[in-house]
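# Structural features, examined
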Amino acid sequence: MPTMLEVQNLVKEFKRRDGDIVKAVQGVSFDIHEGEIFSLLGPNGAGKTTTISMISGLISPTEGDASIGGHSITKEPLKAKALLGVIPQEIALYPTLTARQNLEFFGRMYDITGQELVKRVDEVLEFIDLVDRQNDRVETFSGGMKRRVNIGVGLLHRPQLVYMDEPTVGVDPQSRRRILDTVLRLRDEYQMAVLYTTHLMEESQELSDRVGIIDHGKLIAVGSVGELTQQVGEEDRLVLNVGEQIVGEELLGRLKSEINGISNVSYANLAVDGAAAQGEINILATRGRKALPDVITLLNDVWIDVSSIEVREPDLEAVFLNLTGHALRD
Ligand SMILES: Nc1ncnc2c1ncn2[C@@H]1O[C@H](COP(=O)(O)OP(=O)(O)O)[C@@H](O)[C@H]1O
Ligand SMILES: [Mg+2]
């Protein structure tokens, strides 16, 4: 597959007012092939938005470069950007114009005119499933519908690479589903490459042909979901539901020290608020199913009340825990 995006050693350092340097992105490299969905998966503050902002030319890299369809974003920014579709998180539409008028307006900004504009707007309206409502003012639309118009705007110039930066943050489940389906359709119906960022491993797992896991400004793993989960090998994740119970520092400490006594078990924790755990406690265990009886005995010994235990096959969350020692949601 030909390469659509090539990211080479991107570095971004921000200088704060007090003079301190923030190393937001520290040498990130990856490729995206034509017609491939690539997701950057990492917790808040990992450097996803900064990476994407450099690729789209919003901010300039401190070091490194990226090329879109062979055009360098630093040396040939116009050619590079012509191939890139931007779907911003915020809705940027004219409320008093109709969906169709908004699309026409933005189309003209891309220098698309006449019959070509009519054709592309029709095509986009079809894609975002708003043909029926095209002549209604955007101000009468639901949040999800506005978002779809926004997506349409980003597709008018028929980009070959589309990026979406955490597009599902703060949307209702139904709109979220639609956004995920849109991403899949961009690939399957238009053969577009998609760069998608998220902190949600479920999204990454569902959408991605390949995933780049990013943490503290560094890409720590790249591969297909299958390749990455294979790295964790036979490690299963035991998810202990401790409900409302607050497992304090002392109990956690005992759990941590004693769990290593069970062979091939390592401890990792989700949803930790300060030194205490509430909700879920995660334990990675080689052949976790087999370690289950020992883990249950241990929980009894240390007086941790568990309402249910779930054994999960290796997933991207497990990969992340394994590589970083902390959870995506921490
Ligand atoms: N303009 C800026 N000035 C200073 N620090 C920044 C700026 N933008 C981002 N950062 C810092 O860079 C790091 C990465 O941020 P960001 O790329 O937004 O992460 P993500 O999108 O993965 O949540 C964070 O520590 C953030 O605080
Ligand atoms: Mg971000």
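Nothing here was measured: the structure is a model prediction, and the numbers come from that model.

Burial within strand β7 (residues 161-165) is extensive, with five of its five residues counted as buried. Across the two faces of β7 the burial is the same, with Leu161, Tyr163 and Asp165 and Val162 and Met164 all buried. As judged from the four bridges shared by strand β6 (residues 84-87) and β7, these two strands associate in the parallel manner. Paired with Leu84 across the strands is Leu161, a residue of β7.

All right, on to the sheet that holds strand β4 (residues 63-68) then. The antiparallel open sheet is built from four strands, whose spatial order is β2-β1-β4-β5. At either margin of the open sheet sits one strand with a lone partner, and together these are β2 (21-33) and β5 (71-72). As defined by bridge partners, strand β1 (residues 3-15) adjoins β2 across 10 bridges and the pair is classed as antiparallel. Within the sheet, the bridge partner assigned to Lys12 lies in β2 and is Val25. On top of the sheet, helix α1 (residues 48-55) reaches β1, β2 and β4; it is set at about 115° to β1, its chief contact.

The phi angle at Asn9 is positive, at roughly 50°, despite the residue not being glycine. When its relative accessible area of 37% is taken as the criterion, Asn9 is described as partly exposed.

Leu155 and Met164 are the most contacted members of the largest nonpolar core, which totals 34 residues. Among the secondary structure elements, those contributing two or more residues to this core are α3 (99-109), α4 (114-127), α5 (143-155), β7, α6 (173-190) and β8 (193-198). What Leu155 contacts, discounting residues up to four positions off in sequence, is Val124, Phe127, Val162, Leu186 and Met192. If you look at the next biggest cluster of nonpolar residues, it comprises 27 residues, including Leu5, Val7, Ile52 and Leu161.

Another aspect to go through is the site of ligand 1. Neighbouring residues of ligand 1: Phe14, Val22, Ala24, Pro43, Asn44, Gly45, Ala46, Gly47, Lys48, Thr49 and Thr50. Measuring from an oxygen atom of ligand 1, one finds a backbone N or O atom of Ala46 at 3.2 Å. Here Gly47 contributes a backbone N or O atom positioned 3.0 Å from an oxygen atom of ligand 1. In the complex, 61% of the free accessible area of ligand 1, which totals 560 Å², lies under the protein chains. Counting only elements with at least two residues in the shell around ligand 1, the list comes to β2 and α1. Of the residues assigned to the shell around ligand 1, the class counts are five nonpolar, five polar and one charged.

What counts, and where the lines are drawn
- Residues numbered from 1 in each chain as written.
- Chains lettered and ligands numbered in written order.
- Predicted model: local features only at pLDDT ≥ 70, side-chain atom pairs only at ≥ 80, totals over all residues.
- Heavy atoms only, no water.
- Buried < 20%, exposed > 50% of the residue type's maximum accessible area, 1.4 Å probe, protein only.
- Helix = DSSP H or I, 4+ residues; strand = E, 2+ residues; numbered from the N terminus.
- Pairing = 2+ DSSP bridges.
- Contact = heavy atoms within 4.5 Å.
- Axes fitted to C-alpha atoms, helices over the stretch in contact; angles between N-to-C directions.
- Core = buried A, V, L, I, M, F, W, Y, C linked by side-chain atoms within 4.5 Å.
- Near = heavy atom within 4 Å.
- Polar contact = N/O pair within 3.5 Å; in protein donor to acceptor, adjacent residues only side chain to side chain.
- Areas by Shrake-Rupley, 256 points an atom, 1.4 Å probe, with all protein chains shown as cover.
- Nonpolar A, V, L, I, M, F, W, Y, C, P; charged D, E, K, R; others polar.

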